[in-house]
Amino acid sequence: MHVLKPDELQVPAGKAEATKLGRAIVVTSGKGGVGKTTTTANLGTALAQRGATVALVDADVGLRNLDIVLGLESRVKYHLLDVLEGAATLDDALVADKHSPTLRLLAAAQAREKEDVETEKMRALVQTLRERFDYVLIDSPAGIELGFKNAVAGAQEAIVVCTPEVSAVRDVDRVVGLLGNAFQPQLVINRLRPQLVKKGKMLSVDDVNAILRLPLLGVIADEPEIIVATNRGEPLALRKEAPTGAAYRAIAARLAGDDVPAPMPPVTQTFFDRLGAIFGGKRA
Amino acid sequence: MIDFLKRLFGQTGSSSTAKERLRLVLMTDHLELAPEMVDAMKRDLVDVISRYVEVDREKIDVTFEQQDKTLAMLANIPILAVNRNGNVVPPASNGHLPSAAAPAPAAQSAPEPAAQTAPVAEPPPKRKRRRRKKSKPAIPAPALLVSGGVLSAAK
Amino acid sequence: MTARRIVITSGKGGVGKTTTTANLGAALAKRGKRVILIDADIGLRNLDLVLGLEKRIVFDLVEVAEGRCQLRQALIKDKRFESLAVLPAAQTREKDAITEEQFSSIVERAAEQCDYVLIDCPAGIETGFRNAVAGAAEAIVVTTPEVSAIRDADRVVGKLAARGKPIRLIVNRLRSEMVRSGDMLSVDDVCEILAVELLGIVPDSEEIIDTTNRGEPVVLDQSSRVSAIYNKIVRRLEGELVPFTSFAGTGFFGRLLDAMKAG
């Protein structure tokens, strides 16, 4: 099994940088639909609300959604491929967020293919963004193919998003294996339903991390308000009083290095034997 | 009480916002996915206008913009000359102008479903505005600004 | 006579393609149909897991394509059903390990020995999707009543229509209470936007989460409401006209009744 080597992924050292480069973090999962895009939008918003300059990059060419989650879909004029191919400048393409003044979005192309993205150009683009922004968050598509590889190109860190379901855990495990140690992946567990965990019908946070063994950045419970927020195109991180908003803000704080105690929902410890048998402690 | 009444009469919460946003974003997506159709539409538009005034075909700019709850087509068409007699140039001798309902290109375009999605096959209604012609040669030739082509889903 | 070959797809990941494939397959098998399920998600296989068959994998799709084994050697017979077999995907390969022709050919071979071939399509619209669709004659698009899922479903509907495949829609994870409160798009909204024939409405349910974790298709539980819904869906698939039923009978406003529609 091919583990991406550090030199395949990281920005090659060489150019002396006078100014401090921003952090480029890929948000990925393997499994689709676990909340990568929602996490990218909210984490970016939360970081920007703290005053950081943030660029969000939608790497899901052909199936873009970061724009719609942020409520910016009507403002996208140029996209990632326009910039990579020189049809537009970065300044043309970066969309200013409606709510957070230091947040910008680089949308994906809708009518193009992931194969159209050249990995080297993507890496260079992320490097350019790092020179201008404190944080560059890259929303990875589902899967582990070219779209994922391009999303990873140029990033130095990774956030893996996982839901407490066997398929998601298995897929994240695979992705973490592919990333190797170079990205220091941190885990966000999404869509937890504490009531179901108590009833023994859903994996607990501990169950998930017993397999994945990653530093835990945060836990987000499954709340109807998340659906409402996407309906409106207003990320919950804008609202401190929303439980999910607070959770994302805590994640942002932790990511930024603040010492924030984990606001985890109280859950019962449960253990699923099947998991042990499936994974046997090994990473694929 | 107000909330309940709103719900009763269909003015609900975020789902109606979501539906509107989806409607518009899908129209934009469909346009992005059918560049040949958009090109054909631009050509036809210019052909029609050329029957009335002489235009600079090289400098035509057509974009789509979201305005409130509709998608609008904005066309900027520079005029080179206006015929003194106001004669209308008849259509090309090979027959009628090509139909605006250009056939959708094969692989990439969305299907033509029910009326909910943008009826992009129909030519949009146009509103013309002319700028005053200036005498100084340095100023660029006046443009025929065609706007308000409302491509909203007819219900 | 060869089988019906149906791909279950969505564009968006995580809306329930694999769960749908597993449960439709199981429900069809319970009705006495011979069913072969094919997991086309090479590299991130999950159909085996959802059916609890992960420990019985010997050969996979790619090995069949490469001729390293026979199709029948790779097919895992699900012992809980008379006539349900699964062809698992490869886990340590990539989607381009197989071509459209190879995949179609495997689907055809499977179609000779059963009544239904259901293909679990990976997320996305790239190689994996193209391969999965190439093998199918019909499509079921699965979506949830959420903005991103519907947008992606629209894209996929466009691609399928361009290939001339008949398409039907399953709306998954409907939350009636949220539809009622105006915080979730209704089934009617979704159908209006996508303009695809409706095949089924599956409510959000704890049972699915639970049974998926345990590797048991929910249709094994006769008393389950969701199980009954999948049975209705397969009846529609077989050509029966089964009405979509409302749940709670409360409320006399048409809108509210529509909102509670499921089945």
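Residues numbered from 1 in each chain as written. Chains lettered and ligands numbered in written order. Predicted model: local features only at pLDDT ≥ 70, side-chain atom pairs only at ≥ 80, totals over all residues.

**Focus: the confidence of the model for chain C**
All names here are of chain C. Here chain C averages 92 in pLDDT, while 93% of its residues score no lower than 70. The low-confidence segment residues 247-255, where pLDDT is below 50, has eight contacts with residues more than four positions distant or belonging to other chains. What the predictor reports for the complex is a pTM of 0.83 with an ipTM of 0.88. (pLDDT = per-residue confidence, 0-100. Contact = placed C-beta atoms within 7 Å.)

**Notes on the confidence of the model for chain B**
All names here are of chain B. For chain B, the average pLDDT comes to 67, and 47% of its residues sit at 70 or higher. When pLDDT is averaged over each helix and strand of chain B, the minimum, 48, is found for strand β4 (residues 127-130) and the maximum, 93, for helix α2 (residues 14-32). Ignoring residues within four places in sequence, the model shows residues 95-139, a span with pLDDT below 50, making 82 contacts including any to other chains. Within the model, pLDDT remains below 50 along residues 147-155, and this stretch shows 32 contacts once partners closer than five positions in the same chain are excluded. (Helix = DSSP H or I, 4+ residues; strand = E, 2+ residues; numbered from the N terminus.)

**Describing the interface of chain C and chain A**
In this complex, chain C contributes 35 residues to the contact, which on the side of chain A involves 37 residues. Taken together, the elements giving at least two residues each to the side of chain C that touches chain A come down to α2 (47-50), α7 (147-162) and α10 (206-214) of chain C. Classifying every residue of the side of chain C that touches chain A gives eleven nonpolar, twelve polar and twelve charged. (Nonpolar A, V, L, I, M, F, W, Y, C, P; charged D, E, K, R; others polar.)

**Some points on unusual backbone geometry**
Residues and elements named next belong to chain A. You will see that Arg191, though not glycine, has its phi angle at about 65 degrees, which is positive. Its place among the elements puts Arg191 in strand β7 (residues 186-192). Accessibility expressed as a C-beta count within 10 Å gives 23 for Arg191, which makes it buried. Backbone geometry at Arg213 places phi at a positive 50 degrees, although glycine is not the residue there. Taking the number of C-beta atoms within 10 Å as the measure of exposure, Arg213 has 12 and is therefore exposed. (Buried ≥ 20, exposed ≤ 12 C-beta atoms within 10 Å, placed from the backbone.)

**Here's the deal with the nonpolar core**
Inside soluble globular proteins, nonpolar side chains tend to come together where they are buried. In terms of nonpolar packing, the biggest core is built from 201 residues, with Ile138(A), Leu61(C) and Ile119(C) touching the most fellow members. Excluding anything up to four places from it in sequence, Leu61(C) contacts Ile38(C), Asp39(C), Ile42(C), Leu87(C), Pro88(C), Ala89(C), Ala90(C), Ile98(C) and Ile106(C). (Core = buried A, V, L, I, M, F, W, Y, C linked by C-beta atoms within 7 Å.)

**A short note on the sheet that holds strand β8 (residues 197-203) of chain C**
All names here are of chain C. Strands sit in the order β3-β4-β2-β5-β1-β6-β7-β8 across an open sheet of eight strands; the sheet is mixed. Each edge of the sheet is formed by a strand with only one pairing partner; in this case those strands are β3 (76-77) and β8. Of the pairings in the sheet, the one linking strand β1 (residues 4-9) to strand β5 (residues 116-120) comprises five bridges and is parallel in character. In the sheet register, Arg4 faces β5, and the bridge partner there is Tyr116. Its contacts with the sheet place helix α6 (residues 127-134) against β1 and β5, and it is angled at close to 155 degrees to β1. (Pairing = 2+ DSSP bridges. Axes fitted to C-alpha atoms, helices over the stretch in contact; angles between N-to-C directions.)

**As for the sheet that holds strand β6 (residues 157-162) of chain A**
Residue and element names in this part refer to chain A. On the basis of which strands lie adjacent, the open sheet formed by eight strands has the order β3-β4-β2-β5-β1-β6-β7-β8 and mixed pairing. Two strands lie at the open edges of the sheet, namely β3 (95-96) and β8 (216-221), each paired on one side alone. Here β6 pairs with β7 via four bridges, running parallel. Directly across from Val160, in β7, lies its bridge partner Leu187. Most of the contacts of helix α10 (residues 205-212) go to β7, to which it runs at about 145 degrees, and overall it touches β6, β7 and β8.

**A word on the environment of Pro243(C)**
Residues and elements named next belong to chain C. Turning to its location among the elements, Pro243 is positioned in the loop between α11 (225-237) and α12 (254-259). The exposure class assigned to Pro243 is exposed, which follows from the 9 C-beta atoms found within 10 Å. The spatial distance from the C-alpha of Pro243 to the C-alpha of Lys232 is 8.9 Å, given a sequence separation of eleven residues.

**Section: helix α3 (residues 35-50) of chain B**
Residues spaced three or four apart along an α-helix point in a common direction, a consequence of the helix completing one turn every 3.6 residues. All names here are of chain B. Along its 16 residues, α3 runs 22 Å from first to last C-alpha, staying within 8% of the 22 Å computed at 1.5 Å per residue. When α3 is considered as a whole, its buried residues turn out to be Met37, Met41 and Leu45. Taken down its axis, α3 places every buried residue within 75 degrees of arc, on the same side. Buried residues along α3 sit in contact with β3 (70-81). (Expected span 1.5 Å × (residues − 1). Arc of directions from axis to C-beta.)

**Some points on the interface of chain A and chain B**
In many reports, interface size means the accessible area that the parts give up when they come together. The interface is formed by nine residues belonging to chain A together with 13 residues belonging to chain B. Sorting elements by how many residues they give to the side of chain A that touches chain B places helix α11 (residues 224-232) of chain A first, with three residues. When the residues that make up the side of chain A that touches chain B are grouped by side-chain class, the tally is three nonpolar, four polar and two charged.

**A look at the packing of helix α2 (residues 36-49) of chain A against helix α12 (residues 243-255) of chain A**
Residues and elements named next belong to chain A. The geometry of α2 relative to α12 is characterised by a closest axis approach of 8 Å and an angle of 70 degrees between their N-to-C directions. The orientation of α2 with respect to α12, classified from their angle, is roughly perpendicular. Our pair here, α2 against α12, has a crossing hand that is right-handed. In contact with Asn42, Leu43, Ala46 and Leu47 of α2, α12 contributes Tyr248, Arg249, Ile251 and Ala252. Across the contact of α2 with α12, the residue classes tally to six nonpolar, one polar and one charged. (Parallel < 35°, antiparallel > 145°, perpendicular 65-115°, else oblique. Left-handed = near helix turned anticlockwise from the far one by under 90°.)

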